Amino acid sequence: MSLRNGGHVRWAFDLAGWRPSLADLLLATSCIQPEEKLTLQRFVFRDDFNASLIGRLMMRRFVQLATDLAYDEIKFERDSKGKPFLKNEGVAVDFNVSHQGRYAVLAGMATKRLEATTTTTTTTSPTPKIGVDVMKIEYGGGKPLDEFFRLMTRNFSDDEWRYIRGRDDASAQLEAFMRNWCLKESYVKNVGVGITVDLRKISFRIQTEVLARDRVVCDTTLRVNSEPMGNWRFEESLIDRDHCVAVSLENVPAEQDLSGNCFEVIDFRTLVEHHRPLLAIDENYCEGIISKEYKKSK
């Protein structure tokens, strides 16, 4: 595992294909912080436990890879909105995690503030920031798709609805809907406002209609309150034919090539490579988790 050009990583973990053994859980739960362990224990659904555990491990593995910090010295905290961030000082990284469908994903980058010097002053450009979201391209709501779209009217701009409803059939319309929703989530997760804002004022213009697993689409643009957001860039691709993923990047130089940032599917052994336990092995905790029936979260 290594950082890509520009200090980026794009990882996906197949949650649906992971059924951890007791030994896997003993290892994984020794590699998280005490407060994280307590939080995980409160999950009712086993799938949610697994997704959150893997997300935490991906964050730690990324920071270890992108910095000189020792695995067990990495410290995460959460801001007032619940978004995790790296507490360690003097380290320039940003990352975001998401999970939906069968995948947990992480988008991360090593960040540097770029300095521009004139004859009299030196200015520092804003720090780059990143957000990510993944969506399974399916609808199982029970209502007809048109009725579902009607209920979701307030979440998209008029331009976005024209794009969604302008597709040829219901399948293509659903894919366009999920793609726009994925973009919107990646943006609001980046800025940390959640979906409580007026989402109609966050409007995407999709220019490349077809997504692929081996190619990243980078030409989608954004307007907020009708103003073009020139300092924002977006990556879109597929992890598989049923899952689209979007990455939002703020303050990333326009000349930086993002076209190779396809998501790499990683396994558990790769994820815990070079680990160093933070906590003692806790068999009672893990046996309690194992005893939970696998259920799908609602």
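Above this text you will find the structure in question.
Computed from a predicted structure; not experimentally measured.

A.B. asks: Help me understand the sheet that holds strand β10 (residues 221-224), please; the structure alone is not making it clear to me.
C.D. replies: As a general point, the strands of a sheet are linked pairwise by backbone hydrogen bonds and lie either parallel or antiparallel. A sheet is described by the order of its strands in space; here three strands give the open sequence β9-β10-β11, paired in antiparallel fashion. Since the sheet does not close on itself, it has two edges, and those belong to β9 (202-205) and β11 (227-228), each with one partner. Along the sheet, helix α6 (residues 170-191) contacts β9 and β10; its crossing angle with β9, the most-contacted strand, is approximately 130°.

A.B. asks: Mind showing me how you'd approach the pairing of strand β8 (residues 129-136) here?
C.D. replies: For a regular strand, side chains alternate in direction, first toward one face of the sheet and then toward the other. Burial within β8 is extensive, with six of its eight residues counted as buried. Two elements, β8 and strand β13 (residues 243-250), share eight bridges in a ladder whose sense is antiparallel. Bridging from a neighbouring strand, M135 pairs with C244 of β13.

A.B. asks: Explain the side chain of Q64 to me, please; I cannot follow it from the model alone.
C.D. replies: Relative to the helices and strands, Q64 is located in helix α3 (residues 46-66). A distance of 2.9 Å separates a polar atom in the side chain of Q64 from the backbone oxygen of H274. If sequence neighbours within four positions are ignored, Q64 has contacts with L69, Y71, I74, E273 and H274.

A.B. asks: How do you make sense of the nonpolar core when you look at a structure like this?
C.D. replies: As a rule of thumb, soluble globular proteins bury nonpolar side chains together. In this structure, F13, L53, I54, L57, V63 and F268 are the most contacted members of the largest nonpolar core, which totals 37 residues. The set of elements that each furnish at least two residues to this core consists of β1 (8-14), α1 (22-29), α3, β4 (93-100), β5 (103-110), α7 (268-271) and α8 (283-290). Tallying contributions element by element places α3 first for this core, with nine residues. Residues within four places of F13 in sequence aside, it is in contact with W18, I54, M58, R102, Y103, A104, I266, D267, F268 and L271.

A.B. asks: Hey, could you run me through the pattern of salt bridges in this one?
C.D. replies: Side-chain pairs of opposite charge can arise where the charged atoms are in close proximity. The final tally for this structure, using the stated rule, is 16 salt bridges. Its salt-bridge partner being R10, residue E235 comes within 2.9 Å of it at the nearest N-O pair. One end of the pair, E235, is in strand β12 (residues 232-240); the other, R10, is in strand β1, with 225 residues separating them in the sequence. Residue classification places E235 among the buried positions, given a relative accessible area of 2%. For R10, a relative accessible area of 0% corresponds to the buried category. R56 serves as the salt-bridge partner of E36, at 3.9 Å between the closest nitrogen and oxygen. Of this pair, E36 sits in helix α2 (residues 34-41) while R56 sits in helix α3, and the two are 20 residues apart along the sequence. Among the residues examined, R56 registers a relative accessible area of 7% and is labelled buried.

A.B. asks: I would appreciate a short explanation of helix α5 (residues 158-165) in the present structure.
C.D. replies: In an α-helix there are 3.6 residues to a turn, and that puts residues three or four apart on one side. Residues of α5 that are buried: E160, W161, Y163 and I164. Taken around the axis of α5, the buried residues stretch over an arc of 160°, which confines them to a single face. When the buried face of α5 is taken as reference, the exposed residues oriented beyond 90 degrees from it are D158 and R162. Those residues of α5 that are buried are in contact with α4 (145-151), α6 and β9.

A.B. asks: Help me understand the environment of S2 in this model?
C.D. replies: With respect to the helices and strands, the residue S2 is situated in the segment before β1. On the basis of relative accessibility, which here comes to 55%, the residue S2 falls in the exposed class. Taking C-alpha positions, S2 is 7.0 Å from L65, a pair spaced 63 residues apart along the chain. Excluding residues that lie within four positions of it along the chain, S2 makes contacts with V9 and L65.

A.B. asks: When you look at the layout of surface pockets in this model, what are you seeing that I'm missing?
C.D. replies: Over the atoms a probe the size of a water molecule is rolled, and this reveals where empty space is left. Put simply, the second largest pocket is a space of about 490 Å³. At the level of secondary structure, the elements contributing two or more residues to the lining of the second largest pocket comprise α3, β4 and α6. The biggest single contributor to the lining of the second largest pocket is α3, with five residues. Its residues assigned to classes, the lining of the second largest pocket comprises eight nonpolar, eight polar and six charged.

Thresholds applied
Residues numbered from 1 in each chain as written. Predicted model: local features only at pLDDT ≥ 70, side-chain atom pairs only at ≥ 80, totals over all residues. Heavy atoms only, no water. Pairing = 2+ DSSP bridges. Helix = DSSP H or I, 4+ residues; strand = E, 2+ residues; numbered from the N terminus. Contact = heavy atoms within 4.5 Å. Axes fitted to C-alpha atoms, helices over the stretch in contact; angles between N-to-C directions. Buried < 20%, exposed > 50% of the residue type's maximum accessible area, 1.4 Å probe, protein only. Polar contact = N/O pair within 3.5 Å; in protein donor to acceptor, adjacent residues only side chain to side chain. Core = buried A, V, L, I, M, F, W, Y, C linked by side-chain atoms within 4.5 Å. Salt bridge = Lys/Arg side-chain N within 4 Å of Asp/Glu carboxyl O. Arc of directions from axis to C-beta. 1 Å grid on protein atoms, 1.4 Å probe; cavity = no way out; pocket = protein on both sides within 12 Å on 5 of 7 lines; lining within 4 Å. Points joined across faces, edges and corners; volume = space filled by probe spheres on them. Nonpolar A, V, L, I, M, F, W, Y, C, P; charged D, E, K, R; others polar.

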